[in-house]
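Fold and geometry: a report
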Amino acid sequence: MEIRENRLNKFINDISQLKINSRNIYLVAFTLYLSVAFLKTTMVTDYLSTHLLNYGAYLAMSILFFKWMFFSRFTKWQLILEALIFLFSGISWIKSGDPLAFYMTTLVITAKGLDFEEILKWYVILATIILVLIVLLSELDVIRNLSYLRMGHIRYAFGIVYPTDFASHVFYLLLAYCYLWFHSLNYKHYLILFIIAGLIYYFTNARLDTILILAIIPTMIIARKKQYTNFDSHGILNYSWMTTGIIAYLAIMVSVFYSTNGPLVLINKLISSRISLSHSGFIDYGVSVVGQAVKEYGWGGAKGFRNFNVGGQLHQYFMLDSSFIRLLLIYGIVLFLLIITAVSYTALRAIKIGNFALVAVLFLVALSCLIDQHMLELAYNPFYISIYASVETASYLDKRVGITS
């Protein structure tokens, strides 16, 4: 009895010593929201109410807003700017019915001054644990492992709502690992990436995500050369901060001017009709200033899986898979310009402070956003938090990994 009382007293004492500060509040909300956001991409939703998960997201955002109100320091102009961002992202949520832009801007703004590497480490730990548990649950038939047939190849989702979404989870986790262990990457790690890419292609047939995983290898090799050697002495890579804007512009141009008789027909076929679907989005909905509702019909999740199997897979399908097109058509011009500008500026800042790991990651995220819709989903992409959080400079990185001049 005495032992139990001592343990209880120790537990109460430990709880009482927990500090309520900006960092801890953010990490609590981040943990809650990441867990909820990740579970919404899985077949656990067969058992957990979507409304319940949404309430978890609302609670996380409320905690972050509380942090912003009472634990943030800003100048008058910073306050005005951040308030305007909240306002426009909130209006976009109301107009489109989609809260993801509001969630991401809240996560970014409230991360001001916090350590991005620490946040990313927590993302890696939590996301890896959840993904492994979901795969195990699907293999044990506790939740459904949806399988889709494409040209005689069975594609498995491993407890995620769709095979390509599973592949995207793996891609973004690998990016996070490569960023955190950037200084120690070598041929062994690249071989592991190559093997994982092969397994992803074999089990999910996610061709584009397989290419993205393979693209990590040369991108990290070049970034490491730029970081630690005299590679690129002319500074050509210093202009890589423009990548996100350029790719976004190209995605919009090819979508707007796509024609069934034009030169992009073959490319459109190779990337699963993404260009023609984006073109249809522009024709059917046009572009709004602050967002609009777009009705999509996909093949992911329980409802989508039923649709996939209706009429020999001829059921209506319409998805804006390109994040850049989604950002413009669903969330509006204001948030499109704001996010593209913020990401480009973050890449430019990373170049100036010599953090080429972040430059490489933002480049690969831009490539992913060209073909996947996960730009604003924390369950996949935690890297935009670096827009406002503190990231390592070259000198700090060198000191941490033991490099001396």
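Going by the structure above, here's the rest.
Residues numbered from 1 in each chain as written. Predicted model: local features only at pLDDT ≥ 70, side-chain atom pairs only at ≥ 80, totals over all residues. Heavy atoms only, no water.

A few words on the overall build of the chain. Looking only at helices and strands, the chain features 17 helices and two strands. Within the chain, the proportion of its 405 residues that are buried is 50%. Carbon and sulfur atoms provide 67% of the accessible area of the chain, an area that totals close to 20300 Å². (Helix = DSSP H or I, 4+ residues; strand = E, 2+ residues; numbered from the N terminus. Buried < 20%, exposed > 50% of the residue type's maximum accessible area, 1.4 Å probe, protein only. Areas by Shrake-Rupley, 256 points an atom, 1.4 Å probe, with all protein chains shown as cover.)

Tyr123, Leu175, Met220 and Tyr384 are the most contacted members of the largest nonpolar core, which totals 124 residues. Aside from chain neighbours lying at most four places away, what touches Tyr384 is Met104, Val108, Ile339, Val343, Leu362, Val365, Cys369 and Met375. (Core = buried A, V, L, I, M, F, W, Y, C linked by side-chain atoms within 4.5 Å. Contact = heavy atoms within 4.5 Å.)

On to helix H15 (residues 333-353), then. Side chains three or four residues apart in an α-helix point the same way, a direct result of the helix having 3.6 residues per turn. The first and last C-alpha atoms of H15 sit 30 Å apart over 21 residues, in line with the 30 Å expected at 1.5 Å per residue. Those residues of H15 not exposed but buried are Leu335, Phe336, Ile339, Ile340, Val343, Ser344, Thr346, Ala347, Ala350 and Ile351. The buried side chains of H15 occupy one side of the element, clustering within an arc of 155° when seen end-on. Opposite the buried face of H15, by more than 90 degrees, sit the exposed residues Thr341, Tyr345 and Lys352. Each element contacted by the buried residues of H15 is listed here: helix H4 (76-96), helix H5 (100-109), helix H10 (243-256), helix H14 (323-331) and helix H16 (356-371). (Expected span 1.5 Å × (residues − 1). Arc of directions from axis to C-beta.)

With that settled, the discussion passes to empty space enclosed by the protein. Going through the model one piece at a time under the given rule, you end up with two cavities of 30 Å³ or more. In this structure, the second largest cavity occupies an estimated 40 Å³ of space. For the second largest cavity, the full set of lining residues is Ser240, Trp241, Thr243, Thr244, Ala347, Val359, Leu362 and Phe363. Elements represented by at least two residues in the lining of the second largest cavity include exactly H10 and H16. Among the elements that line the lining of the second largest cavity, the one with the most residues is H16, at three residues. Its residues assigned to classes, the lining of the second largest cavity shows five nonpolar, three polar and no charged. (1 Å grid on protein atoms, 1.4 Å probe; cavity = no way out; pocket = protein on both sides within 12 Å on 5 of 7 lines; lining within 4 Å. Points joined across faces, edges and corners; volume = space filled by probe spheres on them. Nonpolar A, V, L, I, M, F, W, Y, C, P; charged D, E, K, R; others polar.)

We now examine the pattern of salt bridges. Within the structure shown, the criterion is met by six salt bridges. As a salt-bridge pair, Glu118 and Arg23 come within 2.6 Å of each other at their nearest N and O atoms. With Glu118 in helix H6 (residues 116-139) and Arg23 in helix H2 (residues 22-39), this residue pair connects regions lying 95 residues apart in the sequence. Residue Glu118 is classed as partly exposed on the basis of its relative accessible area, which comes to 27%. (Salt bridge = Lys/Arg side-chain N within 4 Å of Asp/Glu carboxyl O.)

The description of two packed helices rests on the angle between their axes and on the distance between the axes. Where H10 meets helix H12 (residues 274-285), the axes come as close as 8 Å, and the angle between the chain directions of the two elements is 75°. Compared by their axis directions, H10 and H12 come out roughly perpendicular. Residues Ile252, Val254, Ser255 and Val256 of H10 pack against Ile275, Ser278, His279 and Phe282 of H12. Its residues assigned to classes, the contact of H10 with H12 shows five nonpolar, three polar and no charged. (Axes fitted to C-alpha atoms, helices over the stretch in contact; angles between N-to-C directions. Parallel < 35°, antiparallel > 145°, perpendicular 65-115°, else oblique.)

Attention now goes to the pairing of strand S1 (residues 147-150). In the sheet, S1 pairs with strand S2 (residues 153-156) via four bridges, with the strands oriented antiparallel. Residue pairing in the sheet places Tyr148 in a bridge with Arg155 of S2. In this antiparallel pair of consecutive strands, S1 and S2, the connection spans two residues, and Met151 shows a positive phi of 50°. (Pairing = 2+ DSSP bridges.)

Attention now moves to a nonpolar patch on the surface. A grouping of Trp122, Ile125, Ile129, Val132, Leu133, Leu136, Leu140 and Val142 is seen on the molecular surface, where their side chains present a nonpolar patch of about 730 Å² in accessible area. Relative to the assigned elements, Val142 resides in the loop between H6 and S1. (Patch = residues over 30% accessible without salt bridge, like charges linked within 9 Å, V, L, I, M, F, W, Y side chains within 5 Å.)

No statement about biological role is implied by the geometric values presented.
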